[in-house]
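Secondary and tertiary structure notes
Residues per chain, in single letters:
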Amino acid sequence: MKKLLTDLARVLSMQFVVLLLIIGLFSLGYYFRKDIQISYHKWGQESALKSMMKYRSPTTRKEMDRIEKYSRKLQRHEKALIEIGYLSERIFETKYLVAFSPEMRKASEEFMGRHPYRLCSIGGGVTGDHEIRIICPIDMMPSMAELIKKYDVPSDDPNDE
């Protein structure tokens, strides 16, 4: 009878230790959930970009479909990172600067020089040419705003309007 009680106590204590371990791991996961979500979505974003780069010059319909699939994945992860609060999305109204101009390319290169290895999405706005949609990490948005202001100047080329 004494051996039975000893064995029962050992089994119960092991179950209690396992339960404490599970609760501890769950608590850690809950405490670091935002960091875990950010890491997951950043990994998904990078993975989708790498996959899209494989099909830079698609030649078949199948390759086009794959690019569209990876593009949707990229947008899903980007949207999730915005919702979590890691990325920020802002539309800048500009006077001279347009999204896909040589000046915007210079601003983008300067941004990458200041913040290497950080992703930034640049696109056109919804209502017109003089809107630039930027998606980048929240802490880098002031740097991008400064660059857009810096490069939103009239062109030196007399042939431009």
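Residues numbered from 1 in each chain as written. Predicted model: local features only at pLDDT ≥ 70, side-chain atom pairs only at ≥ 80, totals over all residues. Heavy atoms only, no water.

**Some words on helix α2 (residues 33-54)**
A rise of 1.5 Å per residue sets the reference length of α2, with its 22 residues, at 32 Å; its end C-alpha atoms lie 32 Å apart and thus fit the reference within 8%. In this structure, the buried residues of α2 make contact with α3 (61-84) and β1 (87-93). (Helix = DSSP H or I, 4+ residues; strand = E, 2+ residues; numbered from the N terminus. Expected span 1.5 Å × (residues − 1). Contact = heavy atoms within 4.5 Å.)

**Some words on a positive patch on the surface**
A cluster of basic residues, Lys62, Arg66, Lys69, Arg72, Lys73 and Arg76, forms a positive patch at the surface. If you trace the backbone, arginine 76 turns up in helix α3. Judged by its relative accessible area of 46%, arginine 76 falls in the partly exposed class. (Patch = residues over 30% accessible without salt bridge, like charges linked within 9 Å, V, L, I, M, F, W, Y side chains within 5 Å. Areas by Shrake-Rupley, 256 points an atom, 1.4 Å probe, with all protein chains shown as cover. Salt bridge = Lys/Arg side-chain N within 4 Å of Asp/Glu carboxyl O. Lys, Arg positive; Asp, Glu negative; His and termini not counted. Charge placed at Lys NZ, Arg CZ, Asp CG, Glu CD. Buried < 20%, exposed > 50% of the residue type's maximum accessible area, 1.4 Å probe, protein only.)

**Observations concerning the packing of aromatic side chains**
If you walk through the whole model with that rule in mind, you get two aromatic pairs. Taken together, a centroid distance of 4.8 Å and an interplanar angle of 85 degrees make the contact between tyrosine 31 and phenylalanine 32 edge-to-face. On the numbers, 6.5 Å between centres and 35 degrees between planes, the contact of tyrosine 40 with tryptophan 43 is tilted. A residue pair is termed a helical-turn pair when its members lie 3 or 4 positions apart in one helix, as tyrosine 40 and tryptophan 43 do in helix α2 at three residues. With relative accessibility at 42%, the residue tyrosine 40 sits in the partly exposed group. Relative accessible area serves as the criterion here: at 57%, tryptophan 43 is assigned to the exposed category. For the cation-ring pair, arginine 33 lies above tyrosine 30, with the distance from its terminal atom to the ring centre recorded as 4.1 Å. (Phe/Tyr/Trp six-rings, centres within 6.5 Å; stacked < 30°, edge-to-face > 60°. Lys NZ or Arg CZ within 6 Å of the ring centre and 35° of its normal.)

As far as function goes, none of this settles anything; it's purely spatial.
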